[in-house]
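Reading the structure
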Amino acid sequence: KPTVVPRRVAWKKIHPKTSMRLPDEINEWGGSNSPGIQFDFGRVVTGYPILQIKDKNQWDKVWISWSEKQPIKVSDMHNLRYDCSSGDSEFVSRNRIGFRYLIIDSSRGAETIESPQALIEVPVEPVIGTFDSSDPILNKIWNAGVTTFQNCALDVYMDGPAREQRQYLGDARIQAGVARVLYKD
């Protein structure tokens, strides 16, 4: 029988870097008369969104949309709806998702939702492989590659944090080579 070695990770809550009210043409299906609010986490993260919802009535609805890229329309994004219970409540996604932008709207206006957080996995294993160039753009590309690998190497190697989140042979072959360089694994 093969031995399964558990990955060593820590958990960390992060907050969005910026937020902005959306123009109506982006939020074409929002549930309230006011447009939703877009939260930008500054980079693509893979984790569990957490929302604190204040003073809601039972059956109020909260719409949550997410995307890795700047949205053009909410309908172009991944979406879910949360039905509230009475009073204050907390929503924690049961599914790990990959996103940079999180858009929140509510049947009574997005103002009743506090700034969201995301619970993300942080690798404990130090990156052993290094790259250093006199060209700062090449260094940024290397760092983006390391972050992308970490977002795509969760339970399995996958092609992207917001897509299928399943392992395919082609993805595994490439990512195994990257893991060998980054972690000597």
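My aim in this report is to walk through the structure given alongside it, one point at a time.

Quick notes on the rules
Residues numbered from 1 in each chain as written. Predicted model: local features only at pLDDT ≥ 70, side-chain atom pairs only at ≥ 80, totals over all residues. Heavy atoms only, no water. Helix = DSSP H or I, 4+ residues; strand = E, 2+ residues; numbered from the N terminus. Buried < 20%, exposed > 50% of the residue type's maximum accessible area, 1.4 Å probe, protein only. Contact = heavy atoms within 4.5 Å. Core = buried A, V, L, I, M, F, W, Y, C linked by side-chain atoms within 4.5 Å. Expected span 1.5 Å × (residues − 1). Polar contact = N/O pair within 3.5 Å; in protein donor to acceptor, adjacent residues only side chain to side chain.

1. What about the overall build of the chain?
Of the regular secondary structure elements, the chain holds 2 helices and 8 strands. For the chain, the succession of helices and strands along the chain, N to C, is β-β-β-β-β-β-β-β-α-α. Buried positions account for 41% of the 185 residues belonging to the chain. Taking the intrachain contacts of the chain between residues at least 6 apart in sequence as the baseline, contacts between residues at least 24 apart amount to 73%.

2. Remarks on the nonpolar core
Judged by nonpolar contacts, the single largest core of 20 residues is most densely connected at Leu51, Ile53, Val62, Ile64, Phe99, Leu102 and Ile104. For this core, the elements supplying multiple residues, two or more each, are β3 (37–56), β4 (61–67), β7 (97–106) and β8 (117–123). Tallying contributions element by element places β3 first for this core, with 6 residues. Once you skip the residues sitting within four places of it in the chain, phenylalanine 99 turns out to touch Phe41, Arg43, Val44, Val45, Gly47, Pro49, Trp66, Ser67 and Ala118. Core analysis: the next-biggest nonpolar cluster, separate from the first, contains 6 residues, Ala153, Ala179, Leu182 and Tyr183 among them.

3. Examining helix α1 (residues 136–152)
When the terminal C-alpha atoms of α1 are compared, their 24 Å separation across 17 residues agrees well with the 24 Å that a helix rising 1.5 Å per residue should span. Along α1, the residues classified as buried are Asn139, Val146, Phe149, Asn151 and Cys152. Put simply, aspartate 135 is the residue that caps the front of α1, since its side-chain oxygen is 3.0 Å from the backbone nitrogen of isoleucine 137.

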